[in-house]
Amino acid sequence: MMLLLDMVTTAAILFIVAAGLLAIFGVLKIINFAHGAWLTIGAYCAVATAGLGLNPWLALPIAFAVGAVLGGITELVIVRPLYRRPLDAILATWGLGIVIGQLITLWFGRDVQFTPNLLSGTVDVFGVGYSLYRLFAVAAALVIGLAFTFLLEGTRLGLSAQAVIMNEMLARALGIDTARVRLATFMIGTGLAALAGVLLTPLTSVDPNMGIAWLIGSFMLVMVAGSSFSTLAIACLVFGGAQVLVSTFVSPIFGGITVAVLCALVLRISPKGFARA
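The structure displayed is predicted, hence computed values, not measured ones.

(A) Structural context of the packing of aromatic side chains. A complete count under the given rule lists six aromatic pairs for this structure. Plain terms: the ring middles of Phe33 and Trp94 are 5.5 Å apart, the flat faces sit at 70° to each other, and that makes the pair edge-to-face. Of this pair, Phe33 sits in the loop between helix H1 (2-28) and helix H2 (35-51) while Trp94 sits in helix H4 (residues 86-108); the two residues are 61 residues apart in sequence, bridging distant segments of the chain. Classification of Trp94 as partly exposed rests on a relative accessible area of 44%. Taken together, a centroid distance of 5.6 Å and an interplanar angle of 45° make the contact between Tyr133 and Phe136 tilted. With Tyr133 and Phe136 both in helix H5 (residues 132-154) and three residues apart, this pair spans about one turn of that helix. Clustering of aromatic rings is evident, with ring pairs tying together Phe33, Trp94 and Phe219. Looking at Arg182, its charged tip hangs above the ring of Tyr83, at a distance of 4.0 Å from the centre.

(B) Structural view of H1. Taking 1.5 Å of rise per residue, the 27 residues of H1 would be expected to cover 39 Å, and the 39 Å separating its terminal C-alpha atoms lies within 8% of that figure. Along its length, H1 shows its largest kink, about 40°, at Ala18. For H1, the tally of buried residues reaches 21 of 27 residues, placing the bulk of the element in the interior. Two residues or fewer past H1, Lys29 is found with a positive phi of approximately 60°.

(C) Structural context of the packing of helix H10 (residues 229-249) against helix H11 (residues 252-269). Two elements in contact, H10 and H11, have axes whose closest approach is 8 Å; the angle formed by their N-to-C orientations is 145°. Crossing geometry of H10 relative to H11 is assigned as right-handed. Mapping the contact onto sequence places Phe239, Ala242, Gln243, Val246 and Ser247 in H10 and Pro252, Phe254, Gly255, Thr258, Val259, Leu262, Cys263 and Val266 in H11. When its residues are assigned to classes, the contact of H10 with H11 shows nine nonpolar, four polar and no charged.

(D) The pairing of strand E2 (residues 128-131), seen in detail. As paired strands, strand E1 (residues 122-125) and E2 are joined by four bridges and run antiparallel to one another. Bridge pairing in E2 links Val123 to Tyr130. Here E1 folds back onto E2 in antiparallel fashion, the turn holding two residues, of which Phe126 has a positive phi close to 50°.

(E) Focus on the packing of H1 against H5. The interhelical angle for the contact between H1 and H5, taken along N-to-C directions, is 40°, at an axis separation of 8 Å. When the axes of H1 and H5 are compared, the pair comes out oblique. Where H1 crosses over H5, the two elements pack in a sense that is left-handed. Facing Leu5, Asp6, Val8, Thr9, Thr10, Ala12, Ile13, Phe15, Ile16, Ala19 and Ala23 of H1, the residues of H5 in contact are Arg134, Leu135, Ala137, Val138, Ala140, Ala141, Ile144, Gly145 and Phe148.

(F) Expanded view of a nonpolar patch on the surface. On the surface, Leu52, Leu54, Leu58, Ile62, Val66, Val69, Leu70, Ile73, Leu76 and Val77 cluster together into a nonpolar patch covering about 850 Å² of accessible area. Looking at where Leu54 falls in the secondary structure, it is placed in the loop between H2 and helix H3 (59-79).

Cut-off values and rules
Residues numbered from 1 in each chain as written. Predicted model: local features only at pLDDT ≥ 70, side-chain atom pairs only at ≥ 80, totals over all residues. Heavy atoms only, no water. Phe/Tyr/Trp six-rings, centres within 6.5 Å; stacked < 30°, edge-to-face > 60°. Helix = DSSP H or I, 4+ residues; strand = E, 2+ residues; numbered from the N terminus. Buried < 20%, exposed > 50% of the residue type's maximum accessible area, 1.4 Å probe, protein only. Lys NZ or Arg CZ within 6 Å of the ring centre and 35° of its normal. Expected span 1.5 Å × (residues − 1). Bend = angle between axes of the 7 residues up to and from the residue. Axes fitted to C-alpha atoms, helices over the stretch in contact; angles between N-to-C directions. Left-handed = near helix turned anticlockwise from the far one by under 90°. Contact = heavy atoms within 4.5 Å. Nonpolar A, V, L, I, M, F, W, Y, C, P; charged D, E, K, R; others polar. Pairing = 2+ DSSP bridges. Parallel < 35°, antiparallel > 145°, perpendicular 65-115°, else oblique. Patch = residues over 30% accessible without salt bridge, like charges linked within 9 Å, V, L, I, M, F, W, Y side chains within 5 Å. Areas by Shrake-Rupley, 256 points an atom, 1.4 Å probe, with all protein chains shown as cover. Salt bridge = Lys/Arg side-chain N within 4 Å of Asp/Glu carboxyl O.

In structure tokens:
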């Protein structure tokens, strides 16, 4: 039972981290290599909130707002001129991630930071005592997934985004402000990345380079999932479960690279990943 819970909660954590990256890739068709930096910004929002003596839960909306605002500025100043040059956009976001990491180091230093746990203790699940916070991560992943489903299917912004995904030129001809859709999508994606940073703080150490460790796995999962959140959830369950099994029965070191290796194998066999299935 403990192994099953570890597999499900690990998949939920991977989904939370990768959702923001997929939101941007699905509409803008650009891999935001600054995703790890935004995740780090969110984690340091939790550090700053704790330093000010505020309720730790306030870090969640604060991080989303900070990430969204900074993401909006980035889209307008850096990403928008590069939409027709996706390789340049990738390099630009990679460089931006390095700059953000250095700025965080200048402000907070290189030392590892600690934040108050949002939820502590364990609960009994079928006779097994399990971390309450890891179960909360599953609920958070479900809320994020359902929110995105509602956003895409039940709002004008979501319908416009779907039109942009299918055929941007046609969407523009029909009167959809595609620039505004791109801006809103980028802000949601970066805000979500910062939110994920706060949710990770009870599970990992906070330092200026913490986002790099999560970037590669998120990138590979998004490549396998394509532009579908449901496919991303499946990919997280499959590869997150495999990561837990390898970490438990083989080696935690090999477990750390399981997601990237298996995703690379899937993409080698099927270049479109799970989206082709």
